[in-house]
Amino acid sequence: MPAVTVENPLMLPRVTAPADAVARPVLTVTTAPSGFEGEGFPVRRAFAGINYRHLDPFIMMDQMGEVEYAPGEPKGTPWHPHRGFETVTYIIDGIFDHQDSHGGGGTITNGDTQWMTAGSGLLHIEAPPESLVMSGGLFHGLQLWVNLPAKDKMMAPKYQDIRGGSVALLASPDGGALVRVIAGELDGHQGPGSTFTPITMIHATLAPGAELTLPWREDFNGLAYVLAGRGSVGAERRPVHTGQAAVFGAGSSLTVRADEKQDGNTPDLEVVLLGGRPIREPMVHYGPFVMNTRDELQQAFEDFQKGRLGSVPAVHGMSETGPDA
C-alpha cells in the first residue's frame with residue numbers, strides 16, 4: 001500500500017487526545033455491500049445502511065478495489081454530470097486520469113487526491129491511463145461525496161490537486177500508528193485540502209497491536225471505515241474488519257486499535273477517519289445530483305439534458321452521455 005509513508009514514524013509530530021477527553025462510544029457497525037461502478041470496476045458501498053443523520057455532511061463513499069487487474073482489464077467511468085456537492089477521489093495504489101467539460105483535468109497516483117467541487121455543474125470522466133490498461137496492475141482507492149450547503153451549491157466548479165507529499169503526517173505517541181491528514185485540522189495540524197463545510201479526513205495505518213486515540217471536535221460527527229485489516233473501535237473495543245464502517249456517538253476523542261494478528265496479505269490495519277460539522281439542511285439525492293429540493297433536482301436534470309452543464313470535448317469523439325448512479 002504505497003500511499004505516502006515514512007520509515008520511522010517516531011520522527012514525526014505526535015498526536016494524542018488529552019487525558020480529560022470524553023471517549024466517543026460506538027453507535028453502530030455496518031458491513032459495506034459490494035457492487036460495480038462506471039464501466040464495471042468493483043466497489044464497496046462504505047456507508048450503505050447508515051442513517052443520513054449520522055453521515056451529514058457526507059453523502060456516500062465507495063472503496064474502489066483493492067483489485068489486481070490483468071492486462072486489458074482496468075476500467076473507469078464514462079462521461080457523467082455532477083451538481084451540488086464535492087467529489088474527493090483518493091488513490092492509494094494505481095493511477096487515474098480525470099478530465100472535465102470545462103477543460104480541467106490531471107493524473108492522480110499513489111497517495112494523491114483529486115478534490116472536485118462540482119458546484120453549479122459540469123461533466124466529468126475518470127479512467128485509467130492507456131498504459132495501465134495495457135499492463136494491468138494493482139488499483140485501490142476511494143471516492144467520497146461531501147455535501148455543499150445551499151449557499152454554495154451553485155458556485156463555479158473548482159479543483160484542488162492534492163499531491164500525496166503535501167499531506168500532514170503525524171504519529172501516535174509510541175510510533176505504532178501513522179496518521180495522514182488529507183483535509184481539515186487535527187490537534188493544530190492542518191491538512192492541505194480546503195473545504196466549504198468544515199470536515200477532517202484522515203488515512204491512518206496502525207501496526208499490529210497499535211492503538212490510536214485522537215482528539216475529535218465535539219461539533220463534528222465521527223466515522224471510521226476499514227480499508228484493510230482487523231481491529232476494534234471505541235473504548236468498548238467493538239470488533240471491525242475490512243469493509244466495515246463504525247459510527248461514533250458524542251464525545252471529544254475516538255479510539256482505533258489494530259489486532260495483534262492481521263491477515264497474511266494485510267500487514268497493518270488501514271482505516272479512514274472522517275468527521276464533519278453537519279449542515280442540517282434538507283437533502284435530495286438522485287444519481288449524480290445532490291440538491292435541497294425536488295424542484296432543484298428536476299432543474300439539474302433539465303439543465304444537463306439541455307447541455308447547460310457543458311459538453312464532452314470533441315477530441316473524444318463523443319456527442320452525448322448519461323447520468324451515472
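Look above for the structure.
Residues numbered from 1 in each chain as written. Predicted model: local features only at pLDDT ≥ 70, side-chain atom pairs only at ≥ 80, totals over all residues. Heavy atoms only, no water.

The next subject is the pattern of salt bridges. Counted according to the given criterion, the structure contains eleven salt bridges. As a salt-bridge pair, Asp-303 and Arg-308 come within 2.5 Å of each other at their nearest N and O atoms. Overall, Asp-303 belongs to the buried group, its relative accessible area being 8%. Salt bridges sharing partners connect three or more residues here, namely Arg-83, Glu-302, Asp-303, Lys-306 and Arg-308. (Salt bridge = Lys/Arg side-chain N within 4 Å of Asp/Glu carboxyl O. Buried < 20%, exposed > 50% of the residue type's maximum accessible area, 1.4 Å probe, protein only.)

An order of β2-β3-β4-β11-β6-β9-β12 is seen for the seven strands of this open sheet, with the pairing classed as antiparallel. Here the strands that pair on one side only, and so sit at the sheet edges, are β2 (34-37) and β12 (158-162). Across the sheet, the axes of successive neighbouring strands diverge by a mean angle of 25°, strand direction being ignored. Pairing between strand β4 (residues 58-69) and strand β11 (residues 137-147): ten bridges, direction antiparallel. Among the inter-strand pairings, Glu-68 is bridged to a residue of β11, identified as Leu-138. (Pairing = 2+ DSSP bridges. Helix = DSSP H or I, 4+ residues; strand = E, 2+ residues; numbered from the N terminus. Axes fitted to C-alpha atoms, helices over the stretch in contact; angles between N-to-C directions.)

Turning next to the layout of surface pockets. By volume, the second largest pocket is sized at about 210 Å³. The wall of the second largest pocket is formed by 16 residues, among which Arg-24, Phe-220, Asn-221, Phe-248 and Gly-249 lie closest to the centre. Mapped onto the lining of the second largest pocket, the elements with two or more residues apiece are α1 (52-55) and β22 (244-248). When its residues are assigned to classes, the lining of the second largest pocket shows six nonpolar, five polar and five charged. (1 Å grid on protein atoms, 1.4 Å probe; cavity = no way out; pocket = protein on both sides within 12 Å on 5 of 7 lines; lining within 4 Å. Points joined across faces, edges and corners; volume = space filled by probe spheres on them. Nonpolar A, V, L, I, M, F, W, Y, C, P; charged D, E, K, R; others polar.)

It is worth spelling out the nonpolar core at this point. Among the nonpolar cores identified, the biggest contains 33 residues, and Phe-47, Phe-58, Met-61, Leu-142, Leu-144, Met-201 and Leu-274 are the most heavily contacted of them. Residues within four places of Leu-274 in sequence aside, it is in contact with Phe-47, Phe-58, Met-61, Leu-144, Thr-200, Met-201, Trp-216, Asn-221, Gly-222 and Leu-223. Judged by nonpolar contacts, the second largest core, of 28 residues, contains Val-26, Leu-206, Phe-220 and Val-226. (Core = buried A, V, L, I, M, F, W, Y, C linked by side-chain atoms within 4.5 Å. Contact = heavy atoms within 4.5 Å.)

Looking now at the side chain of Thr-200. Within the secondary structure layout, Thr-200 lies in strand β17 (residues 199-206). Owing to a relative accessible area of 4%, Thr-200 belongs among the buried residues under this scheme. Among the polar contacts listed, one links the side chain of Thr-200 to the backbone oxygen of Glu-185, at a separation of 3.1 Å. Residues in contact with Thr-200, not counting those within four places in the same chain, are Ala-183, Gly-184, Glu-185, Trp-216, Phe-220, Leu-273, Leu-274 and Gly-275. (Polar contact = N/O pair within 3.5 Å; in protein donor to acceptor, adjacent residues only side chain to side chain.)

Taken in spatial order, the seven strands of this open sheet run β1-β22-β19-β24-β17-β14-β13, and their pairing is antiparallel. Looking at strand neighbours, the two that pair on one side only are β1 (26-31) and β13 (168-171), the edges of this open sheet. Taken pair by pair, the neighbouring strands of this sheet meet at an average axis angle of 20°, ignoring direction. Where β17 lies against strand β24 (residues 269-276), eight bridges are found, and the strand directions are antiparallel. Pairing of Met-201 across the sheet is with Leu-274, part of β24.

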